[in-house]
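Geometric and topological summary
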Amino acid sequence: MRYCLIVPVFILFCFSSSNLLARTGAISGRVLDEGGKPVSFASIVLFGYGDSAVVKTELTDEKGEFQLTPVANGNYFVKALLIGYQTYGSNKVIVNDDAVALPDITLHQSATDLKEVKVTAQVPFVEVHADKLVVNVENSLVSAGSSVLDVLARSPGVTVDQNDNISLKGKQGVNIMIDGRIVPVSAADLANMLKSMPTNSVDKIEIISNPSAKYDAAGTAGIINIKTKKDKAMGWNGSVNGSYGQGIYPKENAGFSLNYREKKLNVYASYNANYREGFSHVDWDRKYYTNGVFNGAYVQDNYSTLTFHTNIATIGADYDISSKTSVGMAVSGENFHLGTKGYYFANVFDQDNNIQSYFATHNTSSGNWNNYAPNLHFKHTFDTSGKELTADVDYARYWNTNTQDFTTNYIALDGSPLNPDYILHGDIAGVTQIRSFKADYTNPLKNGARLEAGMKSSYVTADNEPDFYNRSNGGNVYDPTNSDHFIYTELINALYVNGSKEWKKWSAQAGLRAEQTAVTGDEKITGETFDRNYVQLFPSFAVQDHVNKDNDLGITLSRRIERPDYNDLNPYKFFVDPSTNKQGNPYLNPALTYAAELSHTFKQRFITTLSYSVTSDVITEVIKPSTTQDRVTIQTKDNLATMSYVGISGAYTIPFYKWWTNVTNFNAYYARYQGNLSNTNLDKGQPTCDINTSNKFTLPKDWSAELTVFYQAAQVYGFLNLTPISMFNVGIQKNLFEKRLTIRFSANDIFWHGSESGSSYFTNYTEVFVAVHDTRQETISLTYHFGKKTVAPVHKHSGGAEDEKKRAKDQGA
C-alpha cells in the first residue's frame, strides 16, 4: 500500500508545485456589452502569440468575469466570442510569473439582421449531467484539427494507452458506440477508425460510467457514445494502415477503410489482416495434501508458442428514405486461426518431497474460429423536438473446428521410459447462433424532461461437441472421460422505461429495466440437464448538483448483471497435461451487482469518484484440485458468494506547459471476497491500487511524443494472490502531408515487468506460479488518409445483439 499512498501525494504535489515547475501566471478580465452590462457564457480563447496555437479556453460567469489559470510564462493574445456579437481580439499579453488583469472587454453586436440570426447558447467543452458527462466537440476550438481518439484521450476519466486501448475510470472493456450503437470491431480496427474520424464530423461525446435502464443490464465497464453531425458533404475518403512489431516474435498488421457519401446514400467498408506470434512460459510449483498431510508435488515448466492469423471485414450502407426516415444494413465477418505448439515438463515429487519421476507432454493444436453477423437498422424521427423510433434486427453465427494432439512421455529417474506413452487426439466442433430484435422510443417532453422506453428479445443456441480418442496403443479408441456433447439455449426478453429532467442547477434520471431469462442445458454424454427461468429487475438512478461554475456533485445508483460466456457454461474438458484440465461449468450463475457512486468534478477537468458495490455470485477464474482425480487440477470459472468493493478513483489533466500535458488516472480500492470452493472457506481482502500516468508532448513541425507509466499493486482476486506489475511505454509520432500520413514508433513494457505471478491456497492444494508473455515489443506503424477530409465517416451499425456477440466471441480466445 505504500505505492498507493504515493498516488494522492503525487496529485497534491502536482497541484501545489505546478506554478514552480512550469513558471506560470494567470490572466483575468471581464466582458461587457455596449451598455456596460456583464456578458455571461462568452467563450474566452487564449492563443500563443507566435504560432496562434490554442492554449486554453474558458467561459465567462454570470458577472461576465473569467480567469485563465495556470498559464505558462510567454506571449499570448486573447479572443472573446459569442454568437450575435463581433469577435474581440486583444493585443499582445505578456505573462511573467504574475497575474495579468486585462482591461474590460466590450463586445459589439453583429451588424447581421438579428431576425435572421439563430441564436444558440454557448456551452462549455465538458457538461456534467446526472447520468453522464458530455464532451462538446463542436464547441471546442482546442479540438480543431484533432482526431476523435485525441479528444477521447483528454476527456475526463478516459485513458487511451500506448496501444490505443480505451479504458474508463481504470476499467477495461468499455463499450464504444457511434450514434447509440456499439461498434462491432476489434480494438485495433476501432482505434484506426477513431483516428480517421476528424472532430469536425462529431457533435459531442457522451461518457456514461454507470449506464441507465436504456442499455443492456450486462457489464460494468461503462459506455462512450460518439454522436456524429448530420454532415451533408458529398464525396469519399478512407485510410490504409500497416504496422510491424517485434518482441521475441514478430507481429504484423495491415488494413484499409473506405467511406462514401452521395445525397441520400452512405456506403462504407473495412478490412484488417493481422498476423502475430507469441509465447507463454509458465512455471508452476504445486503441492498436494490429504487431510492436511503433504502427499506429493509437481514442479513444472510449461512453454508454448502461439501463432495467430486474423481477417476481419465489414461492409454496410445507410439510405435516407426521407428527411425523417432512414434504413441501414451491415455485414461483418471474421476468420481467426490459432496454432499452438507446447512442451510441458514436470518433476514428480513423492510424499517425502523427493523426486520420484518425470513426465513431458508435447502439444500440437490447430483451430479455426469463424463468424458472420448481418444487421438491419431502422430510424424514424417524428418531429424537430427529437422524438424518434429506432429498431434493429440481428443474426450472428459463430462456428469453430479444432484438432488437438497430445503425447505424454513418462520418464524414470535414469531417463528410461516408466510407462507407455499416452497419446490423445481431439476433434472439437461447435456452433453458436444469435437472433435478436430491439426497438427504442424517445420522447422529449416540456421543460427539459425526457421519456425513453424500449424492448429487446434475443434467442441463442449453442451446440458444442468435442470428441477425444486414445491412440496410445496404435488404435483410435473413443475416450468418453474427455469427450462431450453439450447443447445450450438462452432466451432473454427485456423491457425498460427511463425518465430524465434538467433544471437550472439540478438534473436527475431514473429508470427500470426488467429482463426475463430462460436457459436450458443438455449434457448428452452424462445425461445431465438443467432448466432455469427467472425475472430480474434492474433499477437505475442518478442526480447531479451544479454547485457553482467550478464544482459539480453527482450520485448514481444501479443494479447490473454479468452473465457467463457461452463457452464457460460448456462442461467439456480441455486436456493440457496429465496434471491440468480446463473445463466449463454448466452450473455457473450470473453475477448481480448493486453499485453506488459519488463523484466530484472540478473545473470540468478533474474528476474524483467514491465507489461502493456488492456483487453476489461473483464469477472468478480458479485453478482448484479435482474432486474425482488424484493430483489433478481443474482450471475453470466458478461462483463465489459475494464480493464487496469500496474505492476512490481520480482522473486529472495537468497542463504543465503549452507543449506538455499530463493525464493521470488512479484507482485505490479494497475488494473482499467470500465463499467456499473445494472445501475451502474464503474470506479475504486487500487494499490495492493502480495508476496510469501519461505524458503527451507536442513538438515542433508536427512531431509529438508520449511517455506512459502503469503500475498495479499486489491484489487479491478470489483465491488468487497476485504480485505487482508495472509497464513503461514510450512513443513518438510524425505527421506528414497535411496530417494525411502518420508514422508512429512505440516501445512497450521496456523493462519487461508486465508479467504475472501469484499464488493460491486451498485446503488440500497450494500453488505458486510465474507467467511470462511477449509483452516487451517495439512497433512501427503507418496510416495514410485519403479523399475529402470534410466527409464524415459513416457510423457502423451493430444492432442490439452486441452483449450476446461478446459472450460468443470469447470461445475463440
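Conventions and cut-offs
- Within each chain, residue numbers correspond to sequence positions counted from 1 in written order.
- Whole-chain, interface and lining totals are the exception, using all residues; otherwise, since this is a predicted model, local features are given only for residues with pLDDT of at least 70 and side-chain atom pairs are given and counted only at 80 or more.
- Based on all heavy atoms of the structure, the side-chain values leave hydrogens and waters out of the count.
- Strands are runs of DSSP state E lasting at least 2 residues, helices are runs of H or I lasting at least 4, and numbering of each runs from the N terminus.
- Only protein chains enter the accessibility calculation, which uses a 1.4 Å probe. A residue is then buried if its area is under 20% of the maximum for its type, exposed if over 50%, and partly exposed in between.
- When checking whether two residues touch, look at their non-hydrogen atoms; a contact exists if any pair is within 4.5 Å.
- The accessible surface values rely on the Shrake-Rupley method and a 1.4 Å probe; as for residues, cover is taken only from the protein chains in view.
- For this analysis, a ring pair means two rings from Phe, Tyr or Trp (six-membered ring only for Trp) whose centres lie within 6.5 Å, classed as stacked if their planes differ by under 30 degrees, edge-to-face if by over 60, and tilted for the remaining angles.
- Take the buried residues of types Ala, Val, Leu, Ile, Met, Phe, Trp, Tyr and Cys, join any two whose side-chain atoms come within 4.5 Å, and each joined set is a nonpolar core.
- Pairing between two strands requires that DSSP report at least two bridges joining them.
- We define a salt bridge as a contact between a side-chain nitrogen of Lys or Arg and a carboxyl oxygen of Asp or Glu at a distance within 4 Å.
- Polar contact is the term for a pair of N or O atoms within 3.5 Å; when the atoms are in protein, one must be able to donate a hydrogen and the other to accept it, and sequence-neighboring residues count only if both atoms are side-chain atoms.
- Each residue carries a pLDDT score, the predictor's confidence in it, ranging from 0 to 100.

1. Here's the deal with the overall build of the chain
- Counting secondary structure elements, the chain contains four helices and 46 strands.
- Looking at the chain as a whole, 50% of its 813 residues are labelled buried.
- Partitioning the intrachain contacts of the chain with sequence separation of at least 6 by distance along the chain shows that 66% fall at a separation of at least 24.
- Total accessible area on the chain is roughly 36,400 Å²; 57% of this is exposed by carbon and sulfur atoms.

2. Side note on the packing of aromatic side chains
- All chains considered together, the criterion is met by 37 aromatic pairs.
- Residues Tyr372 and Trp399 carry aromatic rings whose centres are separated by 5.9 Å and whose planes lie at 70° to one another, so their mutual orientation is edge-to-face. Taken together, the positions of Tyr372 in strand 23 (residues 355-381) and Trp399 in strand 24 (residues 388-411) put the pair 27 residues apart, joining distant regions of the chain.
- Overall, the relative accessible area of 27% leaves Trp399 in the partly exposed class.
- For the pair Phe606 and Tyr652, a centre-to-centre distance of 6.3 Å together with 40° between the ring planes defines the contact as tilted.

3. A few points about the nonpolar core
- Grouped together as the largest cluster of nonpolar side chains are 25 residues, with contacts concentrated most on Leu640, Met643, Ala671, Tyr673, Leu677, Phe719 and Phe769.
- Elements represented by at least two residues in this core include exactly strand 20 (265-290), strand 22 (325-349), strand 35 (606-625), strand 36 (633-657), strand 37 (660-677) and strand 45 (765-773).
- Residue contacts for Tyr673: discarding those within four places in its chain leaves Val618, Thr620, Leu640, Thr642, Met643, Leu682, Asp683, Lys684, Val716, Tyr717 and Gly718.
- Counting residues in hydrophobic clusters, the runner-up holds 20 residues, among them Ala42, Val71, Val78 and Val100.

4. Some details on the pairing of strand 38 (residues 680-699)
- Bridge count for strand 37 against strand 38 is 18 bridges, and the pairing is antiparallel. Its bridge partner being in strand 38, Tyr673 is matched across the sheet by Lys684.
- Connecting strand 37 to the next strand, strand 38, in antiparallel fashion are two residues, including Ser678 with a positive phi near 50°.
- The turn linking strand 38 back onto strand 39 (residues 703-712) is made up of three residues, and Lys701 within it adopts a positive phi angle of 55°.

5. Side note on the pattern of salt bridges
- Under the counting rule described, the total for this entry stands at 14 salt bridges.
- The closest approach of N and O atoms between Glu388 and Lys379, which form a salt bridge, is 3.7 Å.
- The closest approach of N and O atoms between Arg672 and Asp683, which form a salt bridge, is 2.8 Å. Of this pair, Arg672 sits in strand 37 while Asp683 sits in strand 38, and the two are eleven residues apart along the sequence.
- A single network of salt bridges, built from pairs that share partners, joins Arg513, Glu515 and Arg563.

6. Quick word on unusual backbone geometry
- Look at Arg631: it is not a glycine, yet its phi comes out positive at around 55°.
- Counting through the fold element by element, Arg631 comes out in the loop between strand 35 and strand 36.
- Its relative accessible area of 14% is what places Arg631 among the buried residues.
- The residue Lys739 is not glycine, and still its phi comes out positive at about 65°.
- Tracing the chain through its elements places Lys739 in the loop between strand 42 (725-736) and strand 43 (741-748).

7. Examining the environment of Gln715
- By secondary structure assignment, the location of Gln715 is in strand 40 (residues 715-717).
- In the structure, Gln715 is positioned 29 residues away from Gln686 in sequence and 6.3 Å away in space, judged by C-alpha atoms.
- Look past the residues within four positions of Gln715 in its chain and what remains in contact with it is Tyr669, Gln686, Thr688, Leu720, Asn721 and Leu722.
- In terms of polar contacts, Gln715 uses its side chain to reach the side chain of Tyr669, at 3.4 Å.

8. Considering the pairing of strand 26 (residues 449-470)
- Bridge analysis of strand 25 (residues 417-444) against strand 26 gives 21 bridges, and the strand direction is antiparallel. Looking across to strand 26, one finds that Ile434 is bridged to Val460.
- Here strand 25 hands over to strand 26 after four residues, with Asn447 in that stretch at a positive phi of 60°.
- The sheet contact formed by strand 26 and strand 28 (residues 486-502) spans 16 bridges and is antiparallel. Bridge pairing in strand 28 places Thr461 opposite Thr489.
- As defined by bridge partners, strand 26 adjoins strand 27 (residues 477-478) across two bridges and the pair is classed as antiparallel. Bridged to Tyr469 within strand 27 is Tyr478.
- If you look at the hairpin formed by strand 26 and strand 27, you'll find six residues sitting between the two strands, and Gly474 has a positive phi there, around 85°.

9. Overview of the side chain of Asp568
- Summarising the element assignment, Asp568 is placed in the loop between strand 31 (551-562) and strand 32 (573-577).
- By relative accessible area, Asp568 is classed as buried at 17%.
- Filtering out sequence-adjacent residues up to four positions away, Asp568 remains in contact with Gly584, Asn585, Leu588 and Lys637.

10. A word on the environment of Gly367
- Position of Gly367 among the secondary structure elements: in strand 23.
- For the pair Gly367 and Thr401, spaced 34 residues apart in sequence, the C-alpha to C-alpha distance is 5.8 Å.

11. Topic: the confidence of the model for the chain
- On average, residues of the chain carry a pLDDT of 83, and 83% of them reach 70 or more.
- For residues 5-22, every residue scores under 50 in pLDDT, and the model assigns this stretch 20 contacts once sequence neighbours within four places are set aside.
- In the model, residues 791-798 has pLDDT below 50 throughout and makes 48 contacts with residues more than four positions away in sequence or in other chains.

12. Section: the side chain of Asn409
- Within the element layout of this structure, Asn409 appears in strand 24.
- Within the local environment of Asn409, its side chain forms a polar contact with the side chain of Asp421, the two groups lying 3.1 Å apart.
- Setting aside residues up to four positions removed in sequence, Asn409 forms contacts with Tyr358, Phe359, Ala360, His362 and Asp421.

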